[in-house]
Amino acid sequence: MMSTLPEANQTYGTKDYWISRFNQENVYEWLVDYQQLKAHLAENINQDDTILILGCGNSLLGEKLYNDGYRMIISMDYCENVVGNMSLHCDSCKSINWLTMDATNMTIKDNCIDVVLEKATIDTFLVGEKNLWSLSPSSIEKVDKTLSEISRLLKPDGKFISLSFNQPHFRGKLYSNDKYDWRIKSIDTIGVNFHHYLYVIQKGLSQTESADYYVYQPPAITTIKSEETIEEREENDIFAINLDN
Ligand SMILES: C[S@@+](CC[C@H](N)C(=O)[O-])C[C@H]1O[C@@H](n2cnc3c(N)ncnc32)[C@H](O)[C@@H]1O
């Protein structure tokens, strides 16, 4: 078991951290376990689909899916040690295909995967960000390379299913770019006290089939003149609206 939390959040974004963690820890499940996802996944994945788990870590998601009847599973991570450990973790694990590779540059051919499944992997790309309304160019580039890779290897009606702690007004913006040739089909909230968001994204989906979600805007920075009361200011704002535009 890992006994200490890293000093800074951005540590979760480094490969060295994960390699050292996987040398000490056998199994850990990020965000939610299979039981909490099972019904949502069954709605969106057929048992004969080819499923790619992106950044599998030492989660039991792959083996639980296999034991539930999903037989075409590829499980990948960029840490060779965790891929080696998990491939020997159970009997069913021997029937899963294990690959060591980077999500930003995957050695899988085009149009051959039905479902790409990721849980908290893309979250680690953003752990160093101070302001999710305005991401750094390096994070944008890393997410974009990964999403482009996912889009490339998905079949024409393939799905990308992503579980994240990032709310739709942050993650929706990253996922709904026309260049990936997909649309968001649904966003479900999972969890009672602490919410996680399950994004189901599908290639070739029409605009009318896609999900609506509220796009919050970054909070505006306003200054209030010292002699103006808040009530006066709000009234002034209403009068300031130009109805001709
Ligand atoms: C927060 S853990 C989530 C692990 C697992 N998906 C789960 O739900 O428990 C993030 C995982 O992503 C992997 N990872 C991070 N960046 C990656 C990359 N560029 N390519 C492949 N795997 C990556 C890490 O090694 C780690 O296993």
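*Asks:* How would you sum up the overall build of the protein chain? Please name residues and give values.
*Replies:* Of the regular secondary structure elements, the protein chain holds 8 helices and 7 strands. The proportion of buried residues among the 245 residues of the protein chain is 45%. The long-range fraction of contacts in the protein chain, counting pairs at least 24 apart against all pairs at least 6 apart in sequence, stands at 68%. Taken as a whole, the protein chain presents about 14000 Å² of accessible surface, with 49% of it coming from carbon and sulfur.

*Asks:* Explain the environment of glycine 84 to me, using residue names and the numbers behind them.
*Replies:* Relative to the helices and strands, glycine 84 is located in helix H4 (residues 80–87). Expressed as a C-alpha distance, the spacing of glycine 84 and tryptophan 98, which sit 14 residues apart in the sequence, is 8.0 Å.

*Asks:* How would you sum up the packing of helix H1 (residues 15–24) against H4? Please name residues and give values.
*Replies:* Closest axis-to-axis distance for the H1/H4 pair is 8 Å, and the angle between their directions is 30°. Classified by the angle their axes make, H1 and H4 are roughly parallel. Contacts between H1 and H4 pair Ile19, Phe22 and Asn23 from the former with Asn81, Val82 and Asn85 from the latter. Its residues assigned to classes, the contact of H1 with H4 comprises 3 nonpolar, 3 polar and no charged.

*Asks:* Give a description of the site of the ligand that names residues and reports values.
*Replies:* Taken together, 20 residues sit near the ligand, with Trp30, Gly55, Asp77, Ala103 and Lys119 positioned nearest. Tryptophan 30 is positioned such that a nitrogen or oxygen atom in its backbone is 3.0 Å from an oxygen atom of the ligand. Within the backbone of glycine 55, a nitrogen or oxygen atom sits 2.8 Å from a nitrogen atom of the ligand. Considered on its own, the ligand offers 590 Å² of accessible surface; in the complex 98% of this is hidden by protein. Here the ligand occupies the largest cavity. Those elements giving two or more residues to the shell around the ligand turn out to be H1 and helix H5 (121–125). Per-element tally for the shell around the ligand: the top contributor is H5, with 3 residues. Split by residue class, the shell around the ligand holds 11 nonpolar, 5 polar and 4 charged.

The rules behind the values
- Residues numbered from 1 in each chain as written.
- Predicted model: local features only at pLDDT ≥ 70, side-chain atom pairs only at ≥ 80, totals over all residues.
- Heavy atoms only, no water.
- Helix = DSSP H or I, 4+ residues; strand = E, 2+ residues; numbered from the N terminus.
- Buried < 20%, exposed > 50% of the residue type's maximum accessible area, 1.4 Å probe, protein only.
- Contact = heavy atoms within 4.5 Å.
- Areas by Shrake-Rupley, 256 points an atom, 1.4 Å probe, with all protein chains shown as cover.
- Axes fitted to C-alpha atoms, helices over the stretch in contact; angles between N-to-C directions.
- Parallel < 35°, antiparallel > 145°, perpendicular 65-115°, else oblique.
- Nonpolar A, V, L, I, M, F, W, Y, C, P; charged D, E, K, R; others polar.
- Near = heavy atom within 4 Å.
- Polar contact = N/O pair within 3.5 Å; in protein donor to acceptor, adjacent residues only side chain to side chain.
- 1 Å grid on protein atoms, 1.4 Å probe; cavity = no way out; pocket = protein on both sides within 12 Å on 5 of 7 lines; lining within 4 Å.
- Sits in = over half its atoms within 2 Å of the grid points.

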